Amino acid sequence: QVQLVESGGGLVQPGSSLTLSCTSSVNIDTFGAVGWYRQAPGKQRQFVGSITNGGVDNYPSAVMGRFTVSRDTAKNTVYLRMNNLKEEDTGVYFCNTPKGVTSDEWGQGTQVTVSS
């Protein structure tokens, strides 16, 4: 089975930056696209950014201008760069493929906590 492992989360202060990594067990070019999602306690999972094999990225208004998704095919890794973090960015962050989203298969995620 394909395995995606998220890493890079932690406890940070508001206004700081953090980069998350999503490392795949297979070539990420096989996915077509990779997306990042987050989930806070008591809330539904929320899309926060994605990138296609062609390098087209997409973001919701909540993170527009602050988050950037990038990819490194040589490392089978997709990154999420988060700038100017706010307390409302707190949550467990997941990466996933279109197939994984459709089948509702998710990994462990990585915790991001933004707090003073």
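Since the structure is predicted, the reported quantities are computational estimates derived from the model, not experimental observations. Here, residues in each chain are numbered from 1, in the same order as that chain's written sequence. Selection of residues for local features in this predicted model requires a pLDDT of at least 70, selection of side-chain atom pairs for listing and counting requires 80 or more, and totals for whole chains, interfaces and linings are taken over all residues. With hydrogens and water stripped out, all remaining heavy atoms of the structure feed into the side-chain values.

**Q** Could you give me a rundown of the side chain of S21, with the residues and numbers involved?
**A** Along the chain, the position of S21 falls in strand 3 (residues 18–24). Whether two residues are in contact is decided by their heavy atoms, any of which lying within 4.5 Å being enough. For S21, the residues in contact, after removing those within four places along its chain, are V5, E6, S7, W36, T77, V78 and Y79. Helix numbering and strand numbering both begin at the N terminus, where a helix is a DSSP run of H or I of at least 4 residues and a strand a DSSP run of E of at least 2.

**Q** So what about the state of the cysteines? Which residues, and what values?
**A** A pair of sulfur atoms, both from cysteines and within 2.5 Å, is called a disulfide here. Within the structure shown, the criterion is met by one disulfide. Here C22 engages in a disulfide with C95; their sulfurs sit 2.0 Å apart. One disulfide, between C22 and C95, carries an S-S torsion of 75° and so falls in the right-handed class. One end of the pair, C22, is in strand 3; the other, C95, is in strand 9 (residues 91–96), with 73 residues separating them in the sequence. With respect to class, C22 is no different from C95; both count as buried. Working definition: with a 1.4 Å probe on protein chains only, accessible area under 20% of the residue-type maximum means buried, over 50% means exposed, and in between means partly exposed.

**Q** Any chance you could break down the pattern of salt bridges for me, citing the residues and the numbers?
**A** Counted as salt bridges are all cases of a side-chain nitrogen of Lys or Arg within 4 Å of a carboxyl oxygen of Asp or Glu. According to the stated counting rule, one finds three salt bridges in the structure shown. The residue R71 makes a salt bridge to D29 at a minimum N-O spacing of 2.8 Å. Placement of the pair is R71 in strand 7 (residues 67–72) and D29 in the loop between strand 3 and strand 4 (33–39), with a sequence separation of 42 residues. The partner of R38 in a salt bridge is D89, with the nearest N and O atoms 2.8 Å apart. Here the residue R38 occupies a position in strand 4, and D89 occupies one in the loop between strand 8 (77–82) and strand 9, the gap between them amounting to 51 residues. On the basis of relative accessible area, R38 is assigned to the buried category, the value being 7%. Via salt bridges that share partners, R38, R66 and D89 belong to a single interconnected network.

**Q** Give me the sheet that holds strand 1 (residues 4–7): which residues, what numbers.
**A** Across the sheet, four strands lie side by side as 1-3-8-7; this open sheet has antiparallel pairing. The outermost strands of the open sheet, each flanked by one partner alone, are strand 1 and strand 7. In this sheet, adjacent strand axes meet at a mean angle of 15° when their direction is disregarded. Strands qualify as paired when DSSP identifies two bridges or more between them. Where strand 7 lies against strand 8, six bridges are found, and the strand directions are antiparallel. Of the residues in strand 8, the one forming a bridge with T68 is R81. To obtain an axis, a line is fitted to C-alpha atoms, over the contacting stretch when the element is a helix, and the angle between two such axes runs from 0 to 180 degrees between their N-to-C directions.

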